[in-house]
Amino acid sequence: MGPMKVVILAGGFGTRLSEETTVRPKPMVEIGGRPIMWHIMSHYASYGLKDFVVCAGYKSAFIRNYFLNYRNNLSNFTIELNSGKVDFHQTEAEDWRVTVVDTGLNTMTGGRIKAVQEFLEGETFCLTYGDGVSDVDVGALIDQHNSTDVYATLTAVTQPGRFGGLSLDEGGRIKSFREKAAIDGAVINGGFFVCEPQVFDYIDGPDTIWEREPLERLVDEHKLGAYRHSGFWHPMDTLRDKNYLEDLWNTGEAKWRTTRA
């Protein structure tokens, strides 16, 4: 079995980032001049995983056109205008293979995963959200998954303390004030899953939300593992998040950055 395929959920509406998502789907919002989805793909590629299946939906044409024009936009070329013949010279395009699937406009996350089942050829696969960057050790994640008998392993991360933590007493007075604290160290689903093909049996159809019935049933059956990642992880849900990630990138502090980027 060769390297795993990587499924990226890229079909949602991203309404909390409406300043950007009126134009493009959320995974195509740019950090440092590249879509956040490209940053995620680069991270997987740095572990040798270069075969991607993108679950598109909202504004799927934007994603299709991005990849269809990818080499054109990163290459030097000579074109004969009357025949349309193009000779490419140097290119900076990566050696990735990208399958783009329109999984439907209003399909839920589970339904989107189910819609790409045929492209995964019955093999173990990676799965993540198209809007969260991390420096998670994908190799160690896969090794842990393979050493257990679970059907899926998620990456458990500490919730970023976006707004600081307040602790109140019963009278409504503040007991403690932490400006930059993770919210009581709450551990949440950070994506970066590894899944066995059995997970498709847990998804009913387009309306299935992956994070609800399928994951809850896997928990009940002791078939959901957690890989604990204590390093960098951050979602891009709001304009504030985008600006934060952009600042990290511009100041050389982007921990998710691979040597290629």
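Attention here is on the structure that accompanies the text. (Residues numbered from 1 in each chain as written. Predicted model: local features only at pLDDT ≥ 70, side-chain atom pairs only at ≥ 80, totals over all residues. Heavy atoms only, no water.)

Quick word on the overall build of the chain
What the chain contains, in helices and strands, is eight helices and 16 strands. With 261 residues in all, the chain has 46% of them scored as buried. Once local pairs closer than 6 in sequence are excluded, the contacts in the chain between residues at least 24 apart make up 74%. As displayed, the chain offers around 13400 Å² of accessible surface, 49% of which is attributable to carbon and sulfur atoms. (Helix = DSSP H or I, 4+ residues; strand = E, 2+ residues; numbered from the N terminus. Buried < 20%, exposed > 50% of the residue type's maximum accessible area, 1.4 Å probe, protein only. Contact = heavy atoms within 4.5 Å. Areas by Shrake-Rupley, 256 points an atom, 1.4 Å probe, with all protein chains shown as cover.)

Considering the pairing of strand β10 (residues 152-158)
Two faces belong to every sheet, and in a regular strand the side chains alternate between them. The buried count for β10 comes to six of seven residues, which makes it a mostly enclosed element. Taken together, the two bridges between β10 and strand β14 (residues 193-195) define a ladder with antiparallel strand orientation. Directly across from A152, in β14, lies its bridge partner C195. Looking at chain direction, β10 and strand β15 (residues 224-228) are connected through five bridges and run parallel. (Pairing = 2+ DSSP bridges.)

Brief notes about the side chain of T208
Mapped onto the secondary structure, T208 falls in the loop between β14 and α7 (213-220). Leaving out residues up to four positions away in the same chain, T208 has contacts with M108, T109, G110, G111, I203 and P214.

Considerations on a nonpolar patch on the surface
A cluster of nonpolar side chains, namely F77, I79, L81 and V86, defines an oily patch on the protein surface of about 390 Å² accessible area. Position of F77 among the secondary structure elements: in strand β5 (residues 75-79). (Patch = residues over 30% accessible without salt bridge, like charges linked within 9 Å, V, L, I, M, F, W, Y side chains within 5 Å. Salt bridge = Lys/Arg side-chain N within 4 Å of Asp/Glu carboxyl O.)

Considering the nonpolar core
If you look at the biggest cluster of nonpolar residues, it comprises 42 residues, and the most contacted ones within it are M37, Y44, L49, I63, C126, L245 and W256. Counting only elements with at least two residues in this core, the list comes to β1 (5-10), α2 (36-45), β4 (51-56), α3 (60-68), α6 (138-146) and α8 (239-250). The dominant element in this core, judged by the number of residues it contributes, is α2, at seven residues. Those residues in contact with Y44 that lie beyond four places of it in its chain are V6, L49, F52, C126, L127, T128, V138 and F192. Core analysis: the next-biggest nonpolar cluster, separate from the first, contains 23 residues, L9, F125, F193 and Y202 among them. (Core = buried A, V, L, I, M, F, W, Y, C linked by side-chain atoms within 4.5 Å.)

Brief notes about the environment of M236
Relative to the assigned elements, M236 resides in the loop between β16 (233-235) and α8. Linking M236 and P27, residues 209 residues apart in sequence, is a C-alpha distance of 8.9 Å.

Focus on a negative patch on the surface
Together, D204, E213, E216, D220 and E221 line one region of the surface with negative charge. Residue position: E221 is located in the loop between α7 and β15. (Lys, Arg positive; Asp, Glu negative; His and termini not counted. Charge placed at Lys NZ, Arg CZ, Asp CG, Glu CD.)

Re the state of the cysteines
Considering all chains together, one arrives at zero disulfides under this definition. Here C126 stays unpaired: no disulfide links it, and the sulfur of C195, its closest cysteine neighbor, is 8.3 Å away. When its relative accessible area of 0% is taken as the criterion, C126 is described as buried. (Disulfide = S-S within 2.5 Å.)

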